[in-house]
Amino acid sequence: MALRIREAEPRDAEAVARIHVRSWQAAYRGQLSDAYLDGLSVEERLGQHRAALESPGPHRTWVAEEGGRVVGFAVTGPSQDADADERTGELYAIYLDPDRFGAGIGKRLLDHALADLRERGFRTATLWVLETNERARRFYEREGWRADGLSTRERVDGEMRPTVRYRILL
Ligand SMILES: CC(C)(COP(=O)(O)OP(=O)(O)OC[C@H]1O[C@@H](n2cnc3c(N)ncnc32)[C@H](O)[C@@H]1OP(=O)(O)O)[C@@H](O)C(=O)NCCC(=O)NCCS
């Protein structure tokens, strides 16, 4: 089916929130607590995504659409890491609907996100990934990203979870 990638609009907030919740529940099972994952709510996420799409600031949300259905999204913008310069962009998120994992859509969205960062003048891109998210790490490594040695711990599901930073030259 033909895949189209376009910038998200406020009317996409519901699809983005639904994918966010479904993708987290599928991908992070066994990495984050079941109670947290089972408690994720599309309604709660909807408000955040709608606000972000209505006032995007320097962040851009890209949606992948297949036959008119939104099946994934990615978010790009400047990095806010302490060691970032003004030429460092960030991939803030990339999530697919679980029924579309493993079909090559992630690569299409990633390529699009990186082209956007490149066009905006960024020279390097970084992203943060849960240390335990081996599938996503393999995906990034296949696409040429490398862990740059920086790691931190983030409070995600009430627990401090190790996350590692990846980097690629644009
Ligand atoms: C990471 C992601 C964007 C990659 O996009 P993609 O289009 O699925 O990429 P690929 O086609 O290369 O497949 C990626 C992996 O999904 C796996 N996969 C295939 N079918 C799957 C399924 N039904 N359920 C889970 N994973 C599946 C593939 O086997 C591959 O893993 P591998 O390295 O073990 O082969 C996408 O899989 C996704 O949304 N994952 C969940 C969210 C996530 O982890 N995001 C990154 C946060 S930092």
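On a predicted model such as this, the values are computed, not experimentally measured, just so you know.

### Things to note about the overall build of the protein chain
Of the regular secondary structure elements, the protein chain holds 5 helices and 7 strands. Along its sequence from the N terminus, the protein chain presents helices and strands in the succession β-α-α-α-β-β-β-α-β-α-β-β. For the protein chain, the C-alpha radius of gyration of 15 Å lies close to 15 Å, the compact-globule estimate for 170 residues. Taking all 170 residues of the protein chain together, the buried fraction comes to 25%. For the protein chain, the proportion of contacts with a sequence separation of at least 24, taken over those separated by at least 6, is 64%.

### Concerning the environment of W145
One can find W145 in the loop between helix 5 (134–142) and strand 6 (146–155). Overall, the presence of 22 C-beta atoms within 10 Å leaves W145 in the buried class. For the pair W145 and T126, spaced 19 residues apart in sequence, the C-alpha to C-alpha distance is 8.6 Å. The contact partners of W145, leaving out residues within four places of it in the chain, are Y140, Y166, R167 and I168.

### Examining the pairing of strand 7 (residues 160–169)
Looking at chain direction, strand 5 (residues 124–130) and strand 7 are connected through 7 bridges and run antiparallel. Bridged to T124 within strand 7 is L169. Of the pairings in the sheet, the one linking strand 6 to strand 7 comprises 7 bridges and is antiparallel in character. Along strand 7, the bridge assignment pairs R155 with M160. Taking the residues between adjacent antiparallel strands as the criterion, strand 6 and strand 7 are bridged by 4 residues, where G158 takes a positive phi near 90°.

### Description of the nonpolar core
Ranked by internal contacts, the top residues of the largest apolar core, which has 27 residues, are V16, F73, A74 and A113. Of all the secondary structure elements, the ones that give two or more residues to this core are helix 1 (13–27), strand 2 (60–66), strand 3 (69–78), strand 4 (88–96), helix 4 (105–119) and strand 5. Contact partners of A74, with chain neighbours within four places excluded, come to W62, L91, A93, I94, L109, L110 and A113.

### Observations regarding the sheet that holds strand 7
Read from one edge to the other, the open sheet built from 7 strands follows the order 1-2-3-4-5-7-6, with strand pairing classed as mixed. The outermost strands of the open sheet, each flanked by one partner alone, are strand 1 (3–7) and strand 6. In this sheet, neighbouring strand axes are inclined to one another by 25° on average, regardless of whether the strands run parallel or antiparallel. Bridge analysis of strand 4 against strand 5 gives 3 bridges, and the strand direction is parallel.

### Some points on helix 1
With 15 residues, helix 1 extends 21 Å between its outermost C-alpha atoms, agreeing within 8% with the 21 Å of an ideal straight helix rising 1.5 Å per residue. Those residues of helix 1 lying buried are A13, A15, V16, A17, I19, S23 and W24. Residues of helix 1 that are buried in the fold lie against helix 2 (34–39), helix 3 (42–54), strand 2, strand 3 and strand 4.

### Observations regarding the packing of helix 1 against helix 3
Where helix 1 meets helix 3, the axes come as close as 8 Å, and the angle between the chain directions of the two elements is 130°. Classified by the interaxial angle, the pair formed by helix 1 and helix 3 is oblique. For the pair helix 1 and helix 3, the sense of crossing is right-handed. Mapping the contact onto sequence places A13, E14, V16, A17, R18, H20 and V21 in helix 1 and V42, R45, L46, H49, R50 and L53 in helix 3. For the contact of helix 1 with helix 3, the residue count by class is 7 nonpolar, 2 polar and 4 charged.

Reading the values: the criteria
- Residues numbered from 1 in each chain as written.
- Predicted model: local features only at pLDDT ≥ 70, side-chain atom pairs only at ≥ 80, totals over all residues.
- Helix = DSSP H or I, 4+ residues; strand = E, 2+ residues; numbered from the N terminus.
- Rg over C-alpha atoms; globule rule 2.2 N^0.38 Å.
- Buried ≥ 20, exposed ≤ 12 C-beta atoms within 10 Å, placed from the backbone.
- Contact = placed C-beta atoms within 7 Å.
- Pairing = 2+ DSSP bridges.
- Core = buried A, V, L, I, M, F, W, Y, C linked by C-beta atoms within 7 Å.
- Axes fitted to C-alpha atoms, helices over the stretch in contact; angles between N-to-C directions.
- Expected span 1.5 Å × (residues − 1).
- Parallel < 35°, antiparallel > 145°, perpendicular 65-115°, else oblique.
- Left-handed = near helix turned anticlockwise from the far one by under 90°.
- Nonpolar A, V, L, I, M, F, W, Y, C, P; charged D, E, K, R; others polar.

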